[in-house]
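Each chain is listed here by its residues.
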Amino acid sequence: MSQLHAPHDRRNDIRNIAIIAHVDHGKTTLVDAVLRQTHVHRKIDDMGERIMDSMDQERERGITIKAKNASVTYNDVKINIVDTPGHADFGGEVERTLRMVDGVLILIDAKEGPMPQTTFVLRKALALGHKAIVVINKIDRPDAVIDDVVNRTFDLFVHLGATDEQLDFPIVYTSAIKGIATLDVNKPGTDITPLLDTVLEKIPAPAINAKAPLQILVLALTYDSYKGKMGMGKIQSGSIARRQNVIVIGKDGVQIPGRVSDLAVYSGLERTDVERAEAGEIVAVAGLEQFSIGDTIAEAEQPLALPRVTIDEPTVQMTFSVNNSPFAGREGKYLTSRHLRERLFKELETNVSLRVQETDSADRFLDAGRGELHLGVLIEQMRREGYELQVSQPEVILHREGDRLTEPYEELTIQVPESYQGAVIEEIGRRRGEMRHMKLVHSDAGPSEMHLEYHIPTRGIMGLKNILLAKTRGTIIMHHVFKAYEPAEERDLMVSPHGSLVAYEDGNSTGYAIFMTQERGTMFIGPGVEVYRGMVVGENSRDEDLDVNVCKEKHLSNMRASGSDEALVLTPPQEMSLEFALEYIGQDELVEATPKSLRIRKRLLNPEDRRKARKAGK
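Colleague: Can you walk me through the overall build of the chain in this structure?
Modeller: If you tally the helices and strands in the chain, you get 15 helices and 38 strands. Taking all 618 residues of the chain together, the buried fraction comes to 53%. Sequence-distant contacts in the chain: of pairs separated by 6 or more residues, those separated by 24 or more amount to 72%. Of the roughly 28,600 Å² that the chain leaves accessible, carbon and sulfur atoms contribute 48%.

The following block contains the structure:
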């Protein structure tokens, strides 16, 4: 039985808002300005920049991965702020976050305008009926085109089917880095208060039913080293207190009794323990052992379930397996299949968009996620925790609907200098990308840029970034976001195969051998690196694998001394990042990820085994 009481009242001393924006449009910086100017923390000035980005990877990548909560008090109203991920691969985080709030701030760069990831999150917010405040950020940029950006934002709202009320959105102009906001772009602001005033005026107070039985929809899980697992969500109706007996309503209406041991609300950046919380507040509840995202915490006497959250299905999968390379066990703490299994199933508790399946082999698991970045962040996190693992090439997940086979399609947006547009259009055409929009953007600050929008199968995006970066000399900006599952085409994509340079023997690479090999293609290693047979040491300039000896010494002769290598000029090797490795590898290759190293290797290390496998495959 699923029932939601009709709210009778609104709680005016609270506002719950989410901030949504594209990667790098200044969302976390804006939250910093709000936190600083409302004096949330006595030592806030010592906390550095991007206070809300607490994970190492968030600071390094400059993106938000996990949704975060903070709160500020302004004019006696508590404003709960949720910083949402801007990347569509973390859509599972976004969808849950939006159910906790009553309105959104949509942050848009004054030059770039609304981007695909903004579209993704905004579509979800409008569908939930949320009211939006548009914040045009970075208005002090010399190349800002504010009027154009406002018009494009309005068009986007119309395109996403916003109601007349949602289309009547207020606009605030900000420079987050300077901590100023204004309602009139021609009158510079002095502080962030115009934004906070707009929030109080335009975002509705949470609708509540204080007299109805307790209902909280669990929308996030967090861990506390003292209190254990805590479920987070907004109190939809009723109130909750410490030591209260409650019922957790799980999947299929299963009811599990529990007792609240601890209760916390957000105050500034920290969770603060409270004895009691009323409807409309965002709380974290501890003491309930068996609960997961989507469950309802309800009154023990009168348990009523709220509608469960539905999360978009994964689109990409890859296998995670135990590291069995010759260098296995040198750097990691957690090496066995038991460690790997425990870690992946623990991740499932909080990472709702992830799926993990056991395979016919005990040391190999099939992991499915919302995109390469989603799975890449998990691999990077595991490396840092001391795990060693090997992962395969990412593959898209196909769905069969009746007698139709469907595959995921994405919206791809590209910005590239006009001079490189031909190379980009040709490459995407080969990958069955269908152009939907093309616009030339003139700029006083630099060369004209081409803005291209495509509808393309997810298969076509795999490996695309590295190729386009090479073809445009690193000048391309590309973003893509999952659109829908559509009928799969029988035709194969015309993706150019790559050939690898593969180490022929174990040993240490030498400058002399690398110098002799580098004319064959792009090297991934420099001299003095320990290698093993079957390890990929570079990319061949031809599309076939080539076994090379990178450990060859220069021997003495009566003509030259072995030390006279001063004349060797070595090209710096390609820097190996996890993203690059996952995009590069082919079907017969694996990425070996350990706490200190990333290597690409062949599945079959012995060249003779690979030759037999190639013959058998033909």
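Colleague: I'm lost on the confidence of the model for the chain in this one. Help?
Modeller: In regions of low pLDDT, the predicted coordinates are not meant to be interpreted in detail. Summing up the model confidence of the chain, the mean pLDDT is 80 and the portion of residues at 70 or higher is 86%. When mean pLDDT is compared element by element in the chain, strand 24 (residues 389-391) scores highest at 93, while helix 2 (residues 56-61) scores lowest at 45. Counted against residues more than four places away or in other chains, residues 1-7, with its pLDDT under 50, gives 20 contacts. The low-confidence segment residues 41-67 (pLDDT under 50) makes 84 contacts with residues lying over four places distant or belonging to another chain.

Colleague: Is there a simple way to explain unusual backbone geometry in this structure?
Modeller: Backbone phi values are negative for most residues with the exception of glycine, while trans is the configuration of most peptide bonds. Not every positive phi belongs to a glycine, and Arg243 is a case in point at roughly 65°. Within the secondary structure layout, Arg243 lies in the loop between strand 13 (239-241) and strand 14 (245-249). Take Arg243: its relative accessible area is 47%, and that puts it in the partly exposed class. Positive phi is not limited to glycine here, since Arg432 has a value of about 65°. Within the secondary structure, Arg432 sits in the loop between helix 10 (421-430) and strand 28 (434-441). By relative accessible area, Arg432 is classed as buried at 10%.

Colleague: Looking at this structure, how should I read the nonpolar core?
Modeller: Side chains of a nonpolar character, in soluble globular proteins, are inclined to be buried together. Counting residues in each nonpolar core, the largest one holds 41 residues, and the members touching the most others are Ile106, Leu122, Ile136 and Phe157. Beyond its immediate sequence surroundings of up to four residues, Ile106 is in contact with Ile20, Thr118, Leu122, Ala132, Ile133, Val134, Val135 and Phe157. In terms of nonpolar packing, the next biggest core, distinct from the first, is built from 30 residues, Val316, Met318, Val391 and Leu598 among them.

Colleague: Even after reading the chapter, I still don't get the packing of helix 10 against helix 12 (residues 464-471), so can you show me in this structure?
Modeller: Packed helix pairs are specified by the crossing angle of their axes together with the interaxial distance, meaning the distance between the axes. Between helix 10 and helix 12, the least distance of the axes is 10 Å, while the angle of their chain directions is 155°. Between helix 10 and helix 12, the angle is such that the two are roughly antiparallel. Relative to helix 12, helix 10 is oriented so that their crossing is right-handed. Here Ala423, Val424, Glu427, Ile428 and Arg430 of helix 10 come into contact with helix 12, specifically with Leu464, Ile467, Leu468 and Lys471. The residue inventory of the contact of helix 10 with helix 12, partitioned by class, reads six nonpolar, no polar and three charged.

Colleague: How should the packing of aromatic side chains be read in this particular structure?
Modeller: When we look at a pair of aromatic rings, we describe it by the centre distance and by the angle of the planes. Taken as a whole and assessed by the stated rule, the structure comprises seven aromatic pairs. With a centroid separation of 5.9 Å and 15° between ring planes, the pair formed by Phe580 and Tyr584 is classed as stacked. Remark: Tyr584 and Phe580 occur in helix 14 (residues 578-584); sequence separation between them is four residues, near one turn of the helix. The exposure class of Phe580 is buried, given its relative accessible area of 11%. Residue Tyr584 is classed as buried on the basis of its relative accessible area, which comes to 6%.

Colleague: Explanation requested: the pattern of salt bridges in the structure shown.
Modeller: If charged atoms from side chains of opposite charge come close, those side chains can pair. All chains considered together, the criterion is met by 34 salt bridges. Between Glu342 and Arg338 there is a salt bridge whose closest N-O contact spans 3.4 Å. In this pair, Glu342 and Arg338 are both assigned in helix 8 (residues 337-350), four residues apart and thus about one turn of the helix distant. Glu342 gets classed as partly exposed once you look at its relative accessible area, which sits at 46%. Asp547 serves as the salt-bridge partner of Arg610, at 2.8 Å between the closest nitrogen and oxygen.

Colleague: So what exactly am I meant to see when it comes to the pairing of strand 15 (residues 255-259) here?
Modeller: The side chains of a regular strand alternate between the sheet's two faces. By the bridge criterion, five bridges tie strand 14 to strand 15 in an arrangement that is antiparallel. Note that in strand 15 the partner of Ile247 across the bridge is Pro257. Counting the residues in the hairpin turn of strand 14 and strand 15 gives five residues, including Asp252, whose phi is positive at 60°.

Colleague: Before we go on, may I ask you to explain the environment of Thr38 in this structure?
Modeller: On the secondary structure map, Thr38 appears in the loop between helix 1 (27-37) and helix 2. In this structure the C-alpha to C-alpha distance between Thr38 and Gly268, which are 230 residues apart in sequence, comes to 9.4 Å. Ignoring sequence-local partners within four residues, the contact set of Thr38 consists of Val72, Thr73 and Leu196.

Colleague: Would you mind going over the pairing of strand 21 (residues 316-322) with me for this structure?
Modeller: Counting buried positions along strand 21 gives seven out of seven residues, so the element sits mostly inside the fold. Pairing geometry for strand 21 and strand 25 (residues 395-396), over two bridges, is antiparallel. Its bridge partner lying in strand 25, Gln317 is registered against Glu395. Pairing geometry for strand 21 and strand 23 (residues 364-369), over six bridges, is antiparallel. Across the sheet, the residue bridging to Met318 is Asp367, located in strand 23. In terms of strand pairing, strand 21 meets strand 24 through three bridges, oriented antiparallel. Within strand 24, the position partnered with Val322 by the bridge is Leu389.

Colleague: Sorry, what's going on with empty space enclosed by the protein here?
Modeller: Rolling a probe over the atoms, with the probe sized like a water molecule, indicates the empty space that remains. Applying the stated criterion to the full structure yields three cavities of 30 Å³ or more. Looking at the largest cavity, its volume works out to about 50 Å³. Every residue along the wall of the largest cavity is listed here: Ile17, Ile19, Val31, Val34, Ile79, Ile81, Leu105, Leu195, Leu196 and Val199. Elements that contribute at least two residues to the lining of the largest cavity include exactly strand 2 (14-21), helix 1, strand 4 (77-83) and helix 7 (193-202). Grouping the constituent residues of the lining of the largest cavity by class yields 10 nonpolar, no polar and no charged.

Colleague: In this structure, what is going on with the environment of Ala21? I would like to understand it.
Modeller: Along the chain, the position of Ala21 falls in strand 2. C-alpha of Ala21 to C-alpha of Leu105: the two residues are 84 residues apart in sequence and 8.4 Å apart in space.

Colleague: Before we go on, may I ask you to explain the side chain of His339 in this structure?
Modeller: Its location among the elements puts His339 in helix 8. By relative accessible area, His339 is classed as buried at 18%. In this structure the side chain of His339 is engaged in a polar contact, spanning 3.1 Å, whose partner is the side chain of Thr336. Beyond its immediate chain neighbours, meaning those up to four positions away, His339 contacts Lys333, Tyr334 and Tyr387.

Rules and cut-offs
- Residues numbered from 1 in each chain as written.
- Predicted model: local features only at pLDDT ≥ 70, side-chain atom pairs only at ≥ 80, totals over all residues.
- Heavy atoms only, no water.
- Helix = DSSP H or I, 4+ residues; strand = E, 2+ residues; numbered from the N terminus.
- Buried < 20%, exposed > 50% of the residue type's maximum accessible area, 1.4 Å probe, protein only.
- Contact = heavy atoms within 4.5 Å.
- Areas by Shrake-Rupley, 256 points an atom, 1.4 Å probe, with all protein chains shown as cover.
- pLDDT = per-residue confidence, 0-100.
- Core = buried A, V, L, I, M, F, W, Y, C linked by side-chain atoms within 4.5 Å.
- Axes fitted to C-alpha atoms, helices over the stretch in contact; angles between N-to-C directions.
- Parallel < 35°, antiparallel > 145°, perpendicular 65-115°, else oblique.
- Left-handed = near helix turned anticlockwise from the far one by under 90°.
- Nonpolar A, V, L, I, M, F, W, Y, C, P; charged D, E, K, R; others polar.
- Phe/Tyr/Trp six-rings, centres within 6.5 Å; stacked < 30°, edge-to-face > 60°.
- Salt bridge = Lys/Arg side-chain N within 4 Å of Asp/Glu carboxyl O.
- Pairing = 2+ DSSP bridges.
- 1 Å grid on protein atoms, 1.4 Å probe; cavity = no way out; pocket = protein on both sides within 12 Å on 5 of 7 lines; lining within 4 Å.
- Points joined across faces, edges and corners; volume = space filled by probe spheres on them.
- Polar contact = N/O pair within 3.5 Å; in protein donor to acceptor, adjacent residues only side chain to side chain.

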